[in-house]
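Spelled out, the chains give:
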Amino acid sequence: MSGEIKLSNIKKVFGGGEEEEVIALNGVDFTIPAGSFVSLIGPSGCGKTTLLRCIAGLETPTSGEVSVDGVKITKPGSDRGFAFQQANLFPWLTIRDNIAFGLKARHIYKERKNDVDEFINLVGLKGFEKSFPHQLSGGMNQRASLARALVGHPKILLLDEPLGALDAFTRMTMQDEILRLKKEHDTTMVMVTHDVDEAVYLSDYVVVMSPRPAKVEKIIKIDLSHPRARGQDVFLKYRTEILEILDYAGKVQEVEYSI
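Throughout this description, residue numbers start from 1 for each chain and increase along the sequence as written. Side-chain atom pairs in this predicted model are given and counted only at pLDDT of 80 or more, local residue features only at pLDDT of at least 70, and totals for whole chains, interfaces and linings cover all residues. Heavy atoms from the whole structure form the basis of all side-chain values; hydrogens and water molecules are not counted.

Relative to the assigned elements, Ser-203 resides in the loop between helix 6 (196-202) and strand 9 (205-209). Dropping the residues within four chain positions of it, Ser-203 is found in contact with Phe-37, Val-38, Ser-39, Ile-222 and Arg-228. Secondary structure follows DSSP: runs of H or I at least 4 residues long count as helices, runs of E at least 2 residues long count as strands, and numbering of each begins at the N terminus. In what follows, residue pairs with any heavy atoms lying within 4.5 Å of each other are defined as contacts.

Have a look at this one:
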C-alpha cells in the first residue's frame, strides 16, 4: 500500500526582512501511515492549513522535509488531491465538466472518461451531470468537489474543512460519504477540522496541535471500528480527552443553595 506521509521537523516562517516574522509551524514531526484517516485539530490560526498546504506542495517548509513514500515533496502533484473548505467549482462549467477538469488539464481525459461517470455515481450525482453549480445545494456541490479531487486516483486526499459550511445533518451525511469513498479506494486522507466529534467519527488518528507556533501536543489513536455511534461511552471518552488537551472541556461549578 502506498501513500505514507512523513513530516520531518517541519518549521514554517512567514515574513522576515522588513516584515515581522510569524512562525506558523515549529518542529512538527510525525508519520501518517498509508491508507489511514488523520484529522488535524487545534485552535484557529495555529497552522493546520499551512501544514496541509506543505503536504500538498503548495507551501515550502522553511526547514524540515515532507515526503510521500520516501520521496521529498517540492511541488504539487497528481498523487495528492485537495478539497477546499468551499467547493470552488467553476460556475460556467457543468458538474460533469467540473469533475473532469483535472483529467482534461493533464490530457488524460480520453482514457479516464469512464472514471468520471464512476465518481458521479459514487457521490450520488447521477442525473445532475448537466446541472451547473448554482442549481444545486451546498452539499451536492461539496460532493462534486470531492469527486473532482478523487477522480485522478490520488494516493492522498487532503481536506481543508470541506464540510464547514454545511448544516449539521448534511455534514453527517457527507462524513459517511467520505468514509465510503475512502473504503472504496483505500486512499490516505488528512483533514483539517475544528469539529471534535467529526474528528473522532472519521479518524484513525487525531493529531492535536498547540496554539501558534504549532507543534504536536498529542496524537490520539481512535481504536473504534466503523460505523461508529456518536453516543457510545468510548466515543465520548475520546471526545472529552481531545477537549481537555485543547482546554475546552469546561468545569462544572458547584452551586450553593440556601433556603
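It is worth spelling out the state of the cysteines at this point. Should the sulfur atoms of two cysteines be covalently bonded, the bond is a disulfide. Disulfides are defined in this document as cysteine sulfur pairs within 2.5 Å. As enumerated under the stated definition, the model contains 0 disulfides in all. Of all cysteine sulfurs, the one in Cys-46 lies closest to Cys-54, which takes part in no disulfide; the gap is 13 Å. Only protein chains enter the accessibility calculation, which uses a 1.4 Å probe. A residue is then buried if its area is under 20% of the maximum for its type, exposed if over 50%, and partly exposed in between. For Cys-54, a relative accessible area of 1% corresponds to the buried category.

What follows concerns the layout of surface pockets. Empty space among the atoms can be located by rolling a probe the size of a water molecule over them. Using only the protein atoms, space was sampled on a 1 Å grid; points where a 1.4 Å probe fits but cannot get out form cavities, open sets with protein on both sides within 12 Å along at least five of seven lines form pockets, and lining residues are those with an atom within 4 Å of a point. Grid points are joined across faces, edges and corners, and a volume is the space filled by probe spheres set on the points. In this structure, the largest pocket occupies an estimated 640 Å³ of space. Taken together, 22 residues line the largest pocket, and the ones lying closest to its centre are Arg-80, Gly-81, Phe-82, Gly-102 and Arg-148. The set of elements that each furnish at least two residues to the lining of the largest pocket consists of strand 6 (80-83), helix 2 (95-105) and helix 4 (138-150). When residues in the lining of the largest pocket are grouped by element, the largest group, 4 residues, is from helix 2. Considered as a void within the structure, the second largest pocket measures approximately 220 Å³ in volume. As for the second largest pocket, its lining consists of Gly-35, Phe-37, Asp-176, Leu-179, Arg-180, Lys-182, Lys-183, Asp-186, Leu-202, Asp-204 and His-226. Here the lining of the second largest pocket takes 5 residues from helix 5 (residues 168-185), the largest share from any one element. Across the lining of the second largest pocket, the residue classes break down as 3 nonpolar, 2 polar and 6 charged. Side-chain classes are defined by residue name, with Ala, Val, Leu, Ile, Met, Phe, Trp, Tyr, Cys and Pro counting as nonpolar, Asp, Glu, Lys and Arg as charged, and the others, Gly among them, as polar.

Below, the discussion takes up the sheet that holds strand 5 (residues 71-72). For two strands to pair, DSSP has to find at least two bridges joining them. Taken together, the 4 strands give an open sheet; going across it, the order is 2-1-4-5, and neighbouring strands pair in antiparallel fashion. With partners counted over all chains shown, the strands left at the sheet margins are strand 2 (19-32) and strand 5, one partner each. One ladder, built from 2 bridges, connects strand 4 (residues 63-68) with strand 5; its direction is antiparallel. Bridge pairing in strand 5 places Ser-67 opposite Lys-72. For helices, the fitted axis covers only the stretch in contact; all axes are lines through C-alpha atoms, and the angles between them, taken along N-to-C directions, range from 0 to 180 degrees. Across the sheet, helix 1 (residues 48-56) lies against strand 1 (5-16), strand 2 and strand 4, angled at about 65° from strand 2, the strand it touches most.

Our focus in this paragraph is the environment of Val-208. Within the fold, Val-208 resides in strand 9. Linking Val-208 and Ile-220, residues 12 residues apart in sequence, is a C-alpha distance of 7.8 Å. Discounting chain neighbours no more than four positions away, the residues touching Val-208 are Ile-41, Lys-215, Val-216, Glu-217, Lys-218, Ile-220, Ile-242, Ile-245 and Leu-246.

Mapped onto the elements of the fold, Thr-193 is located in the loop between strand 8 (188-192) and helix 6. The exposure class of Thr-193 is buried, given its relative accessible area of 0%. Whenever two N or O atoms come within 3.5 Å, that pair is a polar contact, provided that in protein one can donate a hydrogen and the other can accept it, and provided that, for residues adjacent in sequence, both atoms are side-chain atoms. Here the side chain of Thr-193 touches Asp-195 through a polar contact of 3.0 Å, landing on its backbone nitrogen. A polar contact is formed between the side chain of Thr-193 and the side chain of Glu-198, at a distance of 2.8 Å. Excluding residues within four positions of it along the chain, Thr-193 makes contact with Ser-39, Leu-40, Ile-41, Gly-42, Lys-48, Glu-161, Arg-171, Glu-198 and Ala-199.

On to unusual backbone geometry, then. Across the chain, the bulk of peptide bonds are trans and the bulk of non-glycine residues have phi less than zero. In this structure, the amide linkage connecting Arg-212 to the following residue, Pro-213, adopts the cis form with an omega of 0°. Tracing the backbone shows Pro-213 in the loop between strand 9 and strand 10 (216-221). For the bond running from His-226 to Pro-227, omega is 0°, close enough to zero to count as cis. If you trace the backbone, Pro-227 turns up in the loop between strand 10 and helix 7 (233-245). At Asp-69, a residue that is not glycine, the phi angle is positive and equals roughly 55°. Relative to the helices and strands, Asp-69 is located in the loop between strand 4 and strand 5. Look at Asp-69 and you get partly exposed, because its relative accessible area is 33%. Not every positive phi belongs to a glycine, and His-153 is a case in point at roughly 55°. With respect to the secondary-structure elements, His-153 resides in the loop between helix 4 and strand 7 (156-160).

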